[in-house]
Amino acid sequence: MKGFRNLHISRKKLDVGVLGLGVLLAALCIPPAATKVGSFAAANLERKLPIYCVQTEEPKVSVSFDAAWGADDTDELLQILKENNVKATFFLCGYWVEKYPEEVKKIAEAGHDLGNHSATHPHMEQQSAGQITEELQKCHKNVKDLTGIEMDLFRPPFGEYDNEVIETAKQNGYYTIQWDVDSLDWKEQGAETEINQVLNHKHLGNGSIILFHNDAKYTPQVLDTILKGLKNKGYDIVPVSELIHRGEYEMDHEGRQIPKT
């Protein structure tokens, strides 16, 4: 229902507003300096970073959607992706999976990546290692039971993380994924603004990961134009699972994943 979706968008706006600085820095592929180190870590421990973007000579990018609020636009988004022959990555919250199982099946059957966005969308920095594991495993089980898919991509709610979040996710078999191009679709600033925000983003380049939400007001209206615009700029659009490096790698200070040679 649109009313339901609007209610949750309002909640999302409130949460993101509190975290505005962190989200802005994440959008710039610059990790927020204020991110705390996990309770288990010593003060001088090297700070761990999620994957904001990927170093590659190939002109390819990934489109991702966070699914945590509503589901009214799922069919339209999937149709647009299909018409543009694009596979995207959907990061799903566990309670969203429970509420919209048919939508999850549609996404999976269309061949898109399924990623873990936690079970209940908490502030992960405030969770213990045990609680983080519980959040990951509950969502993981929900998706596996429904689709048979073993997920290995995790996006922390609100873009919040610390060393403990990243390390615990790794111990549970997950790559922690952020983004370096934020569509800012949750701001609902208009179709042209959203198109410009993505296609003319100063950090858009080879290996970029682009963030959308599955229930944002203007995204269904602009997605076709953005996908075609990315292709016109010469980019192939691949799911995050195909963009990231699976072998040995290191991270630079901006959260760029770099393969070791």
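Residues numbered from 1 in each chain as written. Predicted model: local features only at pLDDT ≥ 70, side-chain atom pairs only at ≥ 80, totals over all residues. Heavy atoms only, no water.

**Here we look at the overall build of the protein**
- A tally of regular secondary structure across the protein gives 10 helices and 11 strands.
- For the protein, the proportion of its 261 residues judged to be buried stands at 57%.
- A total accessible area of about 11,500 Å² is found for the protein, and carbon and sulfur atoms account for 49% of it. (Helix = DSSP H or I, 4+ residues; strand = E, 2+ residues; numbered from the N terminus. Buried < 20%, exposed > 50% of the residue type's maximum accessible area, 1.4 Å probe, protein only. Areas by Shrake-Rupley, 256 points an atom, 1.4 Å probe, with all protein chains shown as cover.)

**A look at the packing of helix H3 (residues 74–83) against helix H9 (residues 219–232)**
- It is at 10 Å that the axes of H3 and H9 come closest, and there the two elements cross at 10°. Taken as axis vectors, H3 and H9 run roughly parallel relative to one another. Contacts between H3 and H9 involve Glu76, Leu77, Ile80 and Leu81 from the first element and Thr219, Pro220, Leu223, Asp224 and Leu227 from the second.
- Split into classes, the residues belonging to the contact of H3 with H9 amount to 6 nonpolar, 1 polar and 2 charged. (Axes fitted to C-alpha atoms, helices over the stretch in contact; angles between N-to-C directions. Parallel < 35°, antiparallel > 145°, perpendicular 65-115°, else oblique. Contact = heavy atoms within 4.5 Å. Nonpolar A, V, L, I, M, F, W, Y, C, P; charged D, E, K, R; others polar.)

**Regarding the pattern of salt bridges**
- The final tally for this structure, using the stated rule, is 11 salt bridges.
- Of the charged contacts, one joins Asp224 and Lys228 as a salt bridge, the two residues approaching to 2.6 Å between their closest N and O atoms. One end of the pair is Asp224 and the other is Lys228, both in helix H9 and 4 residues apart, which spans about a single turn.
- According to the relative accessible area criterion, Asp224 is partly exposed, its value standing at 25%. (Salt bridge = Lys/Arg side-chain N within 4 Å of Asp/Glu carboxyl O.)

**Notes on the nonpolar core**
- The biggest cluster of nonpolar side chains holds 54 residues, and the ones touching the most others in it are Val63, Phe65, Leu81, Leu92, Trp96, Ile210 and Leu230.
- In this structure, Leu92 is in contact with Ala67, Val97, Val104, Ile107, Leu114, Gly115, Asn116, His117, Ser118, Cys139 and Val143, ignoring residues within four places of it in sequence.
- Formed by 13 residues, the second largest nonpolar core is a distinct cluster that contains Trp179, Leu211, Val238 and Val240. (Core = buried A, V, L, I, M, F, W, Y, C linked by side-chain atoms within 4.5 Å.)

**Some remarks on the sheet that holds strand E11 (residues 256–259)**
- Read from one edge of the open sheet, 3 strands run E1-E11-E10, paired in mixed fashion. Lying at the two open borders of the sheet, with one neighbouring strand each, are strand E1 (53–54) and strand E10 (249–251).
- Direction of pairing for E1 relative to E11: parallel, over a ladder of 2 bridges. In the sheet register, Val54 faces E11, and the bridge partner there is Gln257. (Pairing = 2+ DSSP bridges.)

**A short note on the side chain of Glu194**
- Its place among the elements puts Glu194 in helix H8 (residues 191–199).
- Nearest to the buried, unbridged Glu194 among oppositely charged side chains is Lys217, at 10 Å.
- Ignoring sequence-local partners within four residues, the contact set of Glu194 consists of Ser183, Asp185, Phe212, Tyr218, Thr219, Val222 and Ile226. (Lys, Arg positive; Asp, Glu negative; His and termini not counted.)

**Overview of the packing of aromatic side chains**
- If you walk through the whole model with that rule in mind, you get 6 aromatic pairs.
- Judged by centre distance (6.5 Å) and plane angle (70°), the ring pair of Phe154 and Tyr174 falls under edge-to-face. In this pair, Phe154 sits in strand E5 (residues 153–154) while Tyr174 sits in the loop between helix H7 (163–171) and strand E6 (175–176), placing the two residues 20 residues apart along the sequence. Per residue, the accessibility class of Phe154 equals that of Tyr174, and both read buried.
- Considering the side-chain rings of Tyr175 and Tyr249, the 6.4 Å spacing of their centres and the 35° angle between planes classify their relative orientation as tilted. Of the two residues, Tyr175 is situated in strand E6 and Tyr249 in strand E10; the sequence distance between them amounts to 74 residues.
- Taking relative accessible area as the criterion, Tyr175 reaches 17% and is therefore assigned buried.
- Here the aromatic cluster, defined as three or more aromatic residues joined through ring pairs, consists of Phe65, Phe90 and Phe212. (Phe/Tyr/Trp six-rings, centres within 6.5 Å; stacked < 30°, edge-to-face > 60°.)

**Remarks on the environment of Ile177**
- Residue position: Ile177 is located in the loop between E6 and strand E7 (181–182).
- Measuring from C-alpha to C-alpha, the distance between Ile177 and Ile244 comes to 9.4 Å, with 67 residues separating the pair along the chain.
- Dropping the residues within four chain positions of it, Ile177 is found in contact with Ile51, Phe91, Leu153, Phe154, Arg155, Pro156, Ile209, Val240 and Ile244.

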